[in-house]
Amino acid sequence: MVSKRLISLSLITCIACVVCLKKSYALENDEFLKFLMNTSYPETKLEQPKDEKEAKDDSNNENKSDKKDDEFVKMYVGEENLPTVESSNKASSESAKYVDNVLVTKNEPQILIYHTHGGETYANNPAGNYHSEDKANSTLEIGASLTQQLNKRGRAVVHNTTYHDIPQFVGAYGRSLKTIETMQTKYSSIDMIIDLHRDGRTLKTKEDEKKFKDACTANINGENVAKFLFVVGKKSPNYSKNLKLAEEITAFAESKYPGITRPVVTKGTGNARYNQHKSDNPLLIEVGGQMNTTEEAKASTKYIAEIIDEFLKQKGM
């Protein structure tokens, strides 16, 4: 009798277990499938769902990232997402984005454009004594325009828009040196480095402002453009070679567009290397001054690109 009761109890227990397992599988079959996938095909691993708070945080971070990307740049996408043949032929650059402050127009870039003083702004934004994070009216935007113009001429360019003078101005050249070295390590093809600035002066009166504006502006082909000049650091170990390069490009520019340049400036005070020891072809170029408009500085870039491109071709580069 006892054996029959034990057998009956065991049967009932087994049936109950089967029912419970079936119910559990019906409720959690997705998890069971994921378990099978993860154990059988680890290369197709399925992530566990995040809780609502994590999902919300990720969504906010993505929105912030998108907003940051949209703050600046109207050009071709970077190397991390190189343009297709179709998109690279578009004259418009509205959909372009920089990835981690870097844009590469083509593989194996020859020219690096960066900004030790990316916070330098033009007359469109006098806030902070013409020094702020207004990217659209800063040297960063002019660098973007020059990158685009050089790209149209077939030059492979990498443009880095990292701020080195914000939030702290002092030490900017030390910080931009690290950017140069990072870019050169990643892109060993870089042959020319361009540190793009704009000139700045202490101007006390409206008359001073007008004189400086006139000194920094030229009329080329019927349009006002910002003049440009080169600065050469006397403390760079390759100073003589750098000076010769700046003077040769200046002379070449004047032969094509008289009045578009200002004389080369040499400086020997302080840390006057200006990172020009990091390349055989370094250029510190100042496009206009703080009294020039952003539009005038942008207009200048098509001429600067033409001059650099043709000068390099003459040198077999």
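All values reported here derive from a predicted model rather than from experimental measurement.

Here is what the cut-offs are and how they apply
Residues numbered from 1 in each chain as written. Predicted model: local features only at pLDDT ≥ 70, side-chain atom pairs only at ≥ 80, totals over all residues. Heavy atoms only, no water. Helix = DSSP H or I, 4+ residues; strand = E, 2+ residues; numbered from the N terminus. Buried < 20%, exposed > 50% of the residue type's maximum accessible area, 1.4 Å probe, protein only. Contact = heavy atoms within 4.5 Å. Areas by Shrake-Rupley, 256 points an atom, 1.4 Å probe, with all protein chains shown as cover. Salt bridge = Lys/Arg side-chain N within 4 Å of Asp/Glu carboxyl O. pLDDT = per-residue confidence, 0-100. Pairing = 2+ DSSP bridges. Axes fitted to C-alpha atoms, helices over the stretch in contact; angles between N-to-C directions.

(A) Layout of the overall build of the protein chain. Counting its regular elements, the protein chain contains nine helices and nine strands. Burial analysis of the protein chain (317 residues in total) assigns 43% to the buried set. When contacts within the protein chain are restricted to residue pairs at least 6 apart in sequence, those whose partners lie at least 24 apart make up 75%. Surface summary for the protein chain: the accessible area is close to 17,700 Å², and the carbon and sulfur share equals 53%.

(B) Structural view of the pattern of salt bridges. Going through the model one piece at a time under the given rule, you end up with 16 salt bridges. In this structure, arginine 155 engages aspartate 309 in a salt bridge whose closest nitrogen and oxygen atoms are separated by 2.8 Å. Of this pair, arginine 155 sits in the loop between helix 5 (139–152) and strand 3 (157–160) while aspartate 309 sits in helix 9 (residues 294–314), and the two are 154 residues apart along the sequence. Since its relative accessible area comes to 7%, arginine 155 is described here as buried. Where lysine 278 meets glutamate 181, a salt bridge forms, and the shortest distance between an N and an O atom there is 3.4 Å. Placement of the pair is lysine 278 in the loop between strand 8 (265–267) and strand 9 (282–289) and glutamate 181 in helix 6 (residues 172–186), with a sequence separation of 97 residues. Given the relative accessible area of 24%, lysine 278 is considered partly exposed.

(C) Focus on the confidence of the model for the protein chain. Here the protein chain averages 78 in pLDDT, while 69% of its residues score no lower than 70. This stretch, residues 16–95, has a pLDDT under 50; its non-local contacts, to residues over four places away or in other chains, come to 71 contacts.

(D) Broad picture of the sheet that holds strand 8. As summarised here, the arrangement of the seven strands in space is 1-3-2-4-9-7-8, forming an open sheet in which the pairing is mixed. Bordering the open sheet on either side are strand 1 (102–104) and strand 8, each of which pairs with just one other strand. Strand after strand, the sheet turns through a mean of 25° between neighbouring axes, direction not considered. Relative to strand 9, strand 4 (residues 192–199) runs parallel, the two being bridged by six bridges. When the sheet's bridge partners are listed, aspartate 199 is paired in strand 9 with glycine 289.

(E) Region of the structure containing the side chain of threonine 121. As for its placement among the helices and strands, threonine 121 is situated in the loop between strand 2 (111–114) and helix 4 (127–130). For threonine 121, a relative accessible area of 0% corresponds to the buried category. In this structure threonine 121 touches Tyr130, His131, Ser132, Asp134, Asn137, Ser138, Arg198 and Gln290, once residues within four positions along its chain are discounted.

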